[in-house]
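Here is how the chains run, residue by residue.
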Amino acid sequence: MFITMEGGEGSGKSTAIKEIVAELRKEGHEVVLTREPGGTPISEEIRDIILDKKNTAMDPKTEALLYAASRRQHIVEKILPALKAGKIVICDRYLDSSLAYQGGARGIGIDKVYEMNQFATEGLLPDLTILFDIEPKEGLKRIADNAGREVNRLDIERLPFHEKVRASFRKLAKRFPDRYVVIDASKGKKEVLEEAFKAIKDRMG
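Note that the coordinates shown come from a computational prediction; the quantities given were computed from them, not determined experimentally. (Residues numbered from 1 in each chain as written. Predicted model: local features only at pLDDT ≥ 70, side-chain atom pairs only at ≥ 80, totals over all residues. Heavy atoms only, no water.)

### Some remarks on helix α2 (residues 41–51)
Stage number 1. Along α2, the residues classified as buried are S43, I46, R47, I50 and L51. For α2, the arc enclosing every buried residue in end-on projection is 120°, short of the 170-degree limit, so these residues lie on one face. Away from its buried face by more than 90 degrees, α2 exposes P41, E45 and D48.
Stage number 2. Buried residues in α2 make contact with β2 (31–35) and α3 (60–84). (Buried < 20%, exposed > 50% of the residue type's maximum accessible area, 1.4 Å probe, protein only. Helix = DSSP H or I, 4+ residues; strand = E, 2+ residues; numbered from the N terminus. Arc of directions from axis to C-beta. Contact = heavy atoms within 4.5 Å.)

Spelled out as structure tokens, the structure:
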């Protein structure tokens, strides 16, 4: 089973993922936890280039292509082998982040970025995508309040960019209702975790 977690900056998804994975492992499931961009040594090196705060001159299409390249390596080296071995793969961001950030917020177009990624993914889509939905102002405030959190090139974008990201994720949830579950990430941590875990258990049957 392939599960992805999506959301804007400061949505709390990365924190929630760790607890969800720990709970699934307690139940005896073999779970591979990974992230995008990154997940493998080559993909992590590409991540460093994408998210480096010095690289503000990066062209949106260059950014989208780098994400796709990182994704391809990640799929071949880590995601597919784990799925073929019968494991649950939980990924912190995947294709939908490219669609929302580069397709929507950067203005390339969701369909164009989707087409670009068909070459990289060969049509591999998640069985379940959980969207941690939050007002961008609240998410950015959480980042500002969390002194220990890594601040990358996307975090320092202005508010209108993050509002476009959120709107794009919501469009994707409507476009792919069979695999999307939307959670209100402004709720308390316990409630958010319970909803996310329930969505996974429901999909597992």
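Still to come is the rest of the account.
### Remarks on the pairing of strand β4 (residues 128–133)
A regular strand places its side chains so that they alternate between the two faces of the sheet.
Stage number 1. With respect to burial, β4 is a largely interior element, six of its six residues being buried.
Stage number 2. Every second residue of β4 is oriented toward a common face, with L128, I130 and F132 on one face and T129, L131 and D133 on the other, all of them buried.
Stage number 3. In this sheet, β4 lies alongside strand β1 (residues 2–7) in parallel orientation, the contact comprising five bridges. Paired with M5 across the bridge in β4 is I130.
Stage number 4. When β4 meets strand β5 (residues 180–184), the two strands line up parallel, connected through five bridges. Its bridge partner being in β5, L131 is matched across the sheet by V182. (Pairing = 2+ DSSP bridges.)

### Some remarks on the side chain of S98
Stage number 1. Here S98 shows up in helix α4 (residues 95–105).
Stage number 2. Of the residues examined, S98 reaches a relative accessible area of 2% and is grouped as buried.
Stage number 3. Within the structure, the side chain of S98 is placed 3.0 Å from the side chain of R71, a separation counted as a polar contact.
Stage number 4. Not counting residues within four places of it along the chain, the set of residues in contact with S98 comprises Y67, R71, G103, V113 and N117. (Polar contact = N/O pair within 3.5 Å; in protein donor to acceptor, adjacent residues only side chain to side chain.)

### Observations concerning the packing of α4 against helix α5 (residues 110–121)
Stage number 1. For the pair α4 and α5, the least separation of the axes is 8 Å and the interaxial angle reads 135°. Our classification of the angle between α4 and α5 gives oblique. Crossing of α4 against α5: the hand is right-handed. Along its contact with α4, which presents L95, S98, L99, Q102, G103 and G104, the element α5 presents I110, V113, Y114 and N117. (Axes fitted to C-alpha atoms, helices over the stretch in contact; angles between N-to-C directions. Parallel < 35°, antiparallel > 145°, perpendicular 65-115°, else oblique. Left-handed = near helix turned anticlockwise from the far one by under 90°.)

### Comments concerning the nonpolar core
Stage number 1. One finds F169 and L172 to be the most contacted residues of the largest nonpolar core, which totals 32 residues.
Stage number 2. Among the secondary structure elements, those contributing two or more residues to this core are α2, α3, β3 (88–92), α4, α5 and α7 (159–175).
Stage number 3. Setting aside residues up to four positions removed in sequence, L172 forms contacts with D96, L99, A100, I110 and Y180.
Stage number 4. Counting 22 residues, the second-largest nonpolar core is a separate cluster that includes I20, L128, I134 and A185. (Core = buried A, V, L, I, M, F, W, Y, C linked by side-chain atoms within 4.5 Å.)

Purely geometric numbers; function is a separate question.
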